[in-house]
Amino acid sequence: MRAWELPGRAGSAPRGAGPSRFVRCLYLVGFLDFFGVSMVVPLLNVHIKSLGASPTVAGVVGSFYGLLQLFSSTFVGCWSDVIGRQYSLLACILFSALGYFLLGMSTNVCLFAIARVPVGIFKHTLSISKALLSDLVSERERPLVIGHFNAASSVGFILGPVVGGYFTELESGFYLTSFVCSSIFILNAGLVWMLPWSEDHTENNENEQTTSNSKATAKSNYDPQVKSLANGAMKYDESLWIQVVSVLKRIKSIACSDLWDIFLVRLLMSVAVMLYYSNFILAIEERFGVKPKLTGYLISYSSTLGALAGFLLGPITKLYQYNTYALLLHSTVLTCVLIMLYSTALSIWTVVLSSTFLAFSTTVGRTCITDLELALGGNQASGTLIGVGQSVTSVGRIIAPLLSGIAQEFSPCGPPSLGVGLALVAILIMLINTPRYCSSRNTKLKSE
């Protein structure tokens, strides 16, 4: 079955008409996802320690979750290309709800670890939502729409810890928080189910034309199965084995493509930013005597600015004439400079200044790297590309703590200083590949 399950990229709107109802609903899906998760995640370490786990055991369980995410990201993203976005998105949300429900019943470390398995495998709601957004909108609108989606998700991340902290103060607070999180995911599944999947905007899309070779190919390959899905009837002729083979072929095509450099840039910048945050609270306390509570306020302040940055992507991309590569390069350079400023800061106000602008640069960079992957991917399916990108980020989550621990042996500023070096390597790779990035992007924009 083709990845493009909606005729004419259902939910898209004519240029200048603003986001459709379908797209706005996806923003709400992203908000609820982050809102529910951020209620529970800050409490995980506290809860597992209350169950009697040693720091080593807690670290092993955390790494186990990261490994599940590493290997499942690509497969789930490719799976959404094979069976369609709607049912893969529903499956991910419902299995995540099951994981958080089991977490609310975890009275020992073993149950806690088991509860993390379905979440580690299926918690890819945001990745599939981004792939769906890339299906729905034009090439030019994609950075803006994905930026707004990231911003809506970030708002959930800001509000979630506040609500989770309130529930924690109650008796059996963690268990109550987990059940509330599970209920939010079930609510999210109901929202996805009620989305106007059969909505047909063929006339609008005839005016838009196809904006890339991948979308033109997918649109020309519609078959009766896709049309029947749009009418609400599921008819799967493919066996499970055929679906598995199709997934593996898609992954192989990505592995054999020439996208290694853009994925390497993603990895380097992910690790650089993680190194910046890895010992942020401890380093600020040691260097400037700032208490963790005030540092927490600084982190919330940065998160709020990051959410606002997502809503500014529209004017910014217009200013850059929709040149995603140039915007990514400049945001990467700015991120590198700001991390360097932080690592050499002599006062807390310099840290506040660097955190302020870093929130903007990282938000813009995260959106642009996703858009550039999709643009350079050409005829590759968007779900697979985004899944591979998330797997690359998961590798960064595994590498960053190790590098941070080694760097901290030398100095509290060691992790961000190492991050500066990695960011410089990423900038060098982008500069070397400038002709390919620009030519690919310009060719696609001329086709619009």
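Residues numbered from 1 in each chain as written. Predicted model: local features only at pLDDT ≥ 70, side-chain atom pairs only at ≥ 80, totals over all residues. Heavy atoms only, no water.

Colleague: Mind laying out helix α4 (residues 85–103), listing which residues take part and the relevant values?
Modeller: Between its terminal C-alpha atoms α4 stretches 27 Å, which fits the 27 Å expected from 19 residues at 1.5 Å a residue. With respect to burial, α4 is a largely interior element, 14 of its 19 residues being buried. (Helix = DSSP H or I, 4+ residues; strand = E, 2+ residues; numbered from the N terminus. Expected span 1.5 Å × (residues − 1). Buried < 20%, exposed > 50% of the residue type's maximum accessible area, 1.4 Å probe, protein only.)

Colleague: Residue-level account of a nonpolar patch on the surface, with values.
Modeller: Taken together, the side chains of F95, L98, F101, M105 and F179 present a nonpolar region at the surface, about 420 Å² in accessible area. In terms of residue count, the dominant contributor to the nonpolar patch is α4 (three residues). (Patch = residues over 30% accessible without salt bridge, like charges linked within 9 Å, V, L, I, M, F, W, Y side chains within 5 Å. Areas by Shrake-Rupley, 256 points an atom, 1.4 Å probe, with all protein chains shown as cover. Salt bridge = Lys/Arg side-chain N within 4 Å of Asp/Glu carboxyl O.)

Colleague: If you had to explain the pattern of salt bridges to someone new, which residues and values would you point to?
Modeller: Taken as a whole and judged by the stated rule, the model has four salt bridges. With its nearest N and O atoms 2.8 Å apart, the salt bridge here joins K123 to D33. You can see K123 sitting in the loop between α5 (109–122) and α6 (125–136) and its partner D33 sitting in helix α1 (residues 21–40), a full 90 residues away along the chain. An identical accessibility class is assigned to K123 and D33; each is buried. A salt bridge links D81 to R85; the nearest nitrogen and oxygen atoms lie 2.7 Å apart. Classification of R85 by relative accessible area gives buried; the value is 0%.

Colleague: How would you summarise the environment of V420 if you had to cite specific residues and measurements?
Modeller: Its place among the elements puts V420 in helix α20 (residues 414–432). Residue class for V420 comes out buried when judged on its relative accessible area of 8%. For the pair V420 and L275, spaced 145 residues apart in sequence, the C-alpha to C-alpha distance is 9.3 Å. Residues contacting V420, with those up to four places away along its chain left out, are C336, I339 and M340. (Contact = heavy atoms within 4.5 Å.)

Colleague: So, the nonpolar core: which residues are in play, and what are the values?
Modeller: Within the largest apolar cluster, 49 residues are counted, with the highest numbers of intra-cluster contacts made by V40, Y100 and L103. Mapped by element, the contributors of at least two residues to this core are α1, α2 (44–50), α3 (55–83), α4, α5, α6, α7 (142–168) and α8 (173–193). Broken down by element, the residue count for this core peaks at eleven residues, all from α1. Setting aside chain neighbours within four positions, we find Y100 in contact with V37, V40, R116, V119, S178, C181, S182 and F185. Formed by 47 residues, the second largest nonpolar core is a distinct cluster that contains L259, A272, Y276 and L327. (Core = buried A, V, L, I, M, F, W, Y, C linked by side-chain atoms within 4.5 Å.)

Colleague: Pulling in residues and values, what's your account of unusual backbone geometry?
Modeller: One can expect most non-glycine residues to show negative phi and most peptide bonds to be in trans. Phi is positive for Q321, which is not a glycine, with a value near 55 degrees. In this structure, Q321 sits in the loop between α16 (313–319) and α17 (324–343). With a phi close to 60 degrees, Y322 is a non-glycine residue in the positive phi region. On the secondary structure map, Y322 appears in the loop between α16 and α17.

Colleague: Can you lay out the packing of aromatic side chains for me, pointing to particular residues and giving the numbers?
Modeller: One pass over the structure, following the stated rule, counts seven aromatic pairs. Between F31 and F35, the ring centres sit 5.8 Å apart and the planes meet at 15 degrees, which makes this aromatic pair stacked. Taken as a pair, F31 and F35 lie in helix α1 at a separation of four residues, close to a single helical turn. Aromatic pair Y276 and Y277: ring centres 4.7 Å apart, planes at 85 degrees, arrangement edge-to-face. An aromatic cluster of at least three residues, connected via ring pairs, comprises Y276, Y277 and Y342. (Phe/Tyr/Trp six-rings, centres within 6.5 Å; stacked < 30°, edge-to-face > 60°.)

Any link to function would need more than the numbers given here.
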